[in-house]
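Spelled out from the first residue to the last, the chains are:
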Amino acid sequence: MDGGERIARVLERHGVRHLFTLCGGHISPILVGAKGRGIRVVDVRDEASAVFAADAAARLTGIPGVAAVTAGPGVTNALTALQNARMAESPVVVFGGATATVLKGRGALQDIDQVALVAPAVKATFVATRVHDLPRLVEEAFATARGGVPGPVFVEVPVDLLYREELVRAWYGGRRGGGVAGWALRRYLGWHVDRLFRGAGAAAGELAELAPAPPPELPEPQPSDVRRAARRLAGARRPVLLVGAQAMTGTGSGAGSDLAAGELAAAVAALGVPTYLTSSSRGLLGPDSDLQVRHRRRQALREADLVILAGVPADFRLDYGRQIGRRAEIVAANLSPAEMRRNRKPDLAVEAHPGRFLAALAARFERRASVRERWHRWRDSLAERDRERDEEIAALAAEPVDGVNPIALCQEIDRVMGGDAVIVADGGDFVATAAYVVRPRGPLGWLDPGAFGTLGVGGGFAVGAALCRPASEVWLLWGDGAAGFSLAELDTCARHGLPVIAVVGNDGGWAQIEREQVEVLGDAVGTELARCEYHRVAEGYGAAGLVVARPEEVAPALARAQEIAAAGRPVLINVLVGRTAFRKGSISM
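Residues numbered from 1 in each chain as written. Predicted model: local features only at pLDDT ≥ 70, side-chain atom pairs only at ≥ 80, totals over all residues. Heavy atoms only, no water.

Caption draft 1: Examining unusual backbone geometry more closely. We note that glutamine 110 has phi near 60 degrees; this positive angle belongs to a residue other than glycine. Tracing the backbone shows glutamine 110 in the loop between strand S4 (92-98) and helix H6 (114-118). Using a relative accessible area of 29% as the deciding quantity, one classes glutamine 110 as partly exposed. Not every positive phi belongs to a glycine, and serine 279 is a case in point at roughly 50 degrees. Assignment of secondary structure puts serine 279 in the loop between strand S8 (275-277) and helix H13 (297-303). On the basis of relative accessible area, serine 279 is assigned to the buried category, the value being 11%. (Helix = DSSP H or I, 4+ residues; strand = E, 2+ residues; numbered from the N terminus. Buried < 20%, exposed > 50% of the residue type's maximum accessible area, 1.4 Å probe, protein only.)

Okay, here's the thing in structure tokens:
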């Protein structure tokens, strides 16, 4: 076996089904080895998209997503996606190629200190120095990515550890030079190759006998913490539950899943607490749950007397904890003690998996029907606010604009979207508008970048989602600014037969920034775009392209897009939307 096949065998035993990449000579044996073990190699058009696709696969399956990128620029191109995965707590394993071990630091092509550059953006870095060590390093990488607070890891693999021994010896043995210096160099290189491959044969035998790796156990809460939380909940009159992306960790559909999404949804339903779902937890309760509250969260948190933060940090999304009333009790469950206490110290801090905590709390609380009944007026008042806000949004959707009203467009998407659809959200103003209107159909039915707020996740996320959910519609909601980052991944979708439905809300600018910038600074500089013909670009990449300029064209175009996708072809709808003041004042600092 060469080094690439050794890595591939470990990936196979961990249940990895897809390897995302952009090719490079430094990593070619990993790609060939993966293909040989039945792992589908999905080549994309940008290294960032490879990592974004791996991120989406990790979220949807519960198995760490895997990407391989070539040395130097390949690694630096992946850096933003790695940081996004770190802040989204997504378990990703990224292999980075590197120059030959003997040439490091000598000015070789694409040779930089990759580990120093990547280390701040990942949980851990691993550097292979011998072929014998490759399986062990990959095992440690998977364990680190999944353990504790999940996150990405980086494995640097020099090129001379990946190719077959005879070829590597030929490379090094081809060095010429006379005299003592030449003899010494050849002796040193021979010793160096001996060291690289020492013990590799024995490692190959051990690797063949390895058993499948079990998924890590999700940390359970202490029973005493569950009891204290149940007492606080029993005494509350206006409780609110916030469920974050961390609660979804381990709920994917793959062999790495340790907590069924249905189990988590049942626990939330059993508690009966008015619930706000954030980030990747959106869709957990389906589109029509009576418990889920969608609007006016700030007001609800101000009035609540108990707030349960299940995997939700008190960061900018909660105004650093200030959205919660000062007199409210806070119960926080989180895998990270630091995140749990950031900005606002909870009254009860539970260091455990948030989903496991909610399941344990629901089991403890299952006979408290009288308490849940006491909350009915509180639930009714929040439901009434939701109805009022929905009526306001419906009225805004009916207002005429220059082009298609983006709110009305999102309403129509919500009306026709399939019951098992996955929504990929990549953009500013248009996508944030969709978040108010388009209802995720089920658990893990909404993929957004998370706390880092990265634009450009769309193409990679859509590729990963289409591969992991082949029977589902995948809707990629793109702002026209965000689309520019990863539009080329429509080529990836076309080549790999991934029937993504992309909708571009094309208002000719970075609207979320422009709106506030013009009002505050009186200048739109840097925020204006052309109304590009994105549908023609899509056609050039092998996808179908549709354009919508008037409201009456929306429904037929969406229906046609669904027909094209059902036939196995990706499609982009370029919708010329008008400007609204719906999200005025939405910039976060």
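After presenting the structure, the write-up continues.
Caption draft 2: Region of the structure containing the sheet that holds S8. Read across the open sheet, the 5 strands follow the order S8-S7-S9-S10-S11; overall the sheet is parallel. If you trace the sheet from one side to the other, it starts and ends with S8 and strand S11 (348-351), each paired once. Taken pair by pair, the neighbouring strands of this sheet meet at an average axis angle of 15 degrees, ignoring direction. Bridge analysis of strand S10 (residues 329-334) against S11 gives 4 bridges, and the strand direction is parallel. (Pairing = 2+ DSSP bridges. Axes fitted to C-alpha atoms, helices over the stretch in contact; angles between N-to-C directions.)

Caption draft 3: Spatial organisation of the packing of aromatic side chains. The final tally for this structure, using the stated rule, is 5 aromatic pairs. Pairing phenylalanine 52 with phenylalanine 461 gives two aromatic rings, centres 5.9 Å apart and planes at 85 degrees, and the pair type is edge-to-face. Highlighted residues: phenylalanine 52 in helix H3 (residues 47-61) and phenylalanine 461 in helix H20 (residues 458-468), separated in sequence by 409 residues. You can call phenylalanine 52 buried: its relative accessible area is 4%. Between tyrosine 188 and tryptophan 191 the ring centres are 5.9 Å apart and the planes differ by 35 degrees, which places this aromatic pair in the tilted class. Here tyrosine 188 and its partner tryptophan 191 are both found in helix H9 (residues 179-197), 3 residues apart, which amounts to about one turn of the helix. (Phe/Tyr/Trp six-rings, centres within 6.5 Å; stacked < 30°, edge-to-face > 60°.)

Caption draft 4: Representation of the packing of helix H1 (residues 3-13) against helix H7 (residues 134-146) within the structure. Where H1 contacts H7, the two axes come as close as 9 Å, and the packing angle between them is 35 degrees. Viewed along their axes, H1 and H7 form a crossing whose handedness is right-handed. Across the interface between the two elements, Gly3, Arg6, Ile7, Val10, Leu11 and Arg13 of H1 pack against Leu134, Pro135, Val138, Glu139 and Phe142 of H7. Classifying every residue of the contact of H1 with H7 by side-chain character gives 7 nonpolar, 1 polar and 3 charged. (Left-handed = near helix turned anticlockwise from the far one by under 90°. Contact = heavy atoms within 4.5 Å. Nonpolar A, V, L, I, M, F, W, Y, C, P; charged D, E, K, R; others polar.)

Caption draft 5: Up close: the packing of helix H18 (residues 406-416) against helix H25 (residues 554-566). The N-to-C vectors of H18 and H25 enclose an angle of 40 degrees; their axes lie 10 Å apart at closest approach. As far as their axial angle goes, H25 and H18 are oblique. Here H18 runs over H25; the crossing is right-handed. Residues Leu409, Glu412, Ile413 and Val416 of H18 form the contact with H25, whose participating residues are Val554, Ala555, Leu558 and Gln562. Residue composition of the contact of H18 with H25, grouped by class: 6 nonpolar, 1 polar and 1 charged. (Parallel < 35°, antiparallel > 145°, perpendicular 65-115°, else oblique.)

Caption draft 6: Broad picture of the pairing of strand S2 (residues 40-43). With 4 bridges connecting them, strand S1 (residues 18-21) and S2 associate as parallel partners. Counterpart to threonine 21 in the pairing with S2 is aspartate 43. Read as a crossover between parallel neighbours, the route from S1 over helix H2 (residues 28-36) to S2 is right-handed. (Right-handed = clockwise from strand over helix to strand, strands pointing away.)

Caption draft 7: Summary view of the sheet that holds strand S14 (residues 474-479). With respect to topology, 6 strands assemble into an open sheet ordered S13-S12-S14-S15-S17-S16, the strand pairing being parallel. Sheet topology places strand S13 (446-447) and strand S16 (544-548) at the edges, where each strand pairs with a single neighbour. Of the pairings in the sheet, the one linking S14 to strand S15 (residues 501-506) comprises 5 bridges and is parallel in character. Bridging across to S15, glycine 479 finds its partner in glycine 505.

Caption draft 8: Spotlight on helix H22 (residues 489-496). Taken across its 8 residues, H22 has 6 buried, putting it largely inside the fold. For H22, the secondary structure elements touched by its buried residues are S2, H3, H20, helix H21 (480-486), helix H24 (534-540) and strand S17 (571-576). Positive phi appears at glycine 497, one or two residues downstream of H22, with a value of about 65 degrees.

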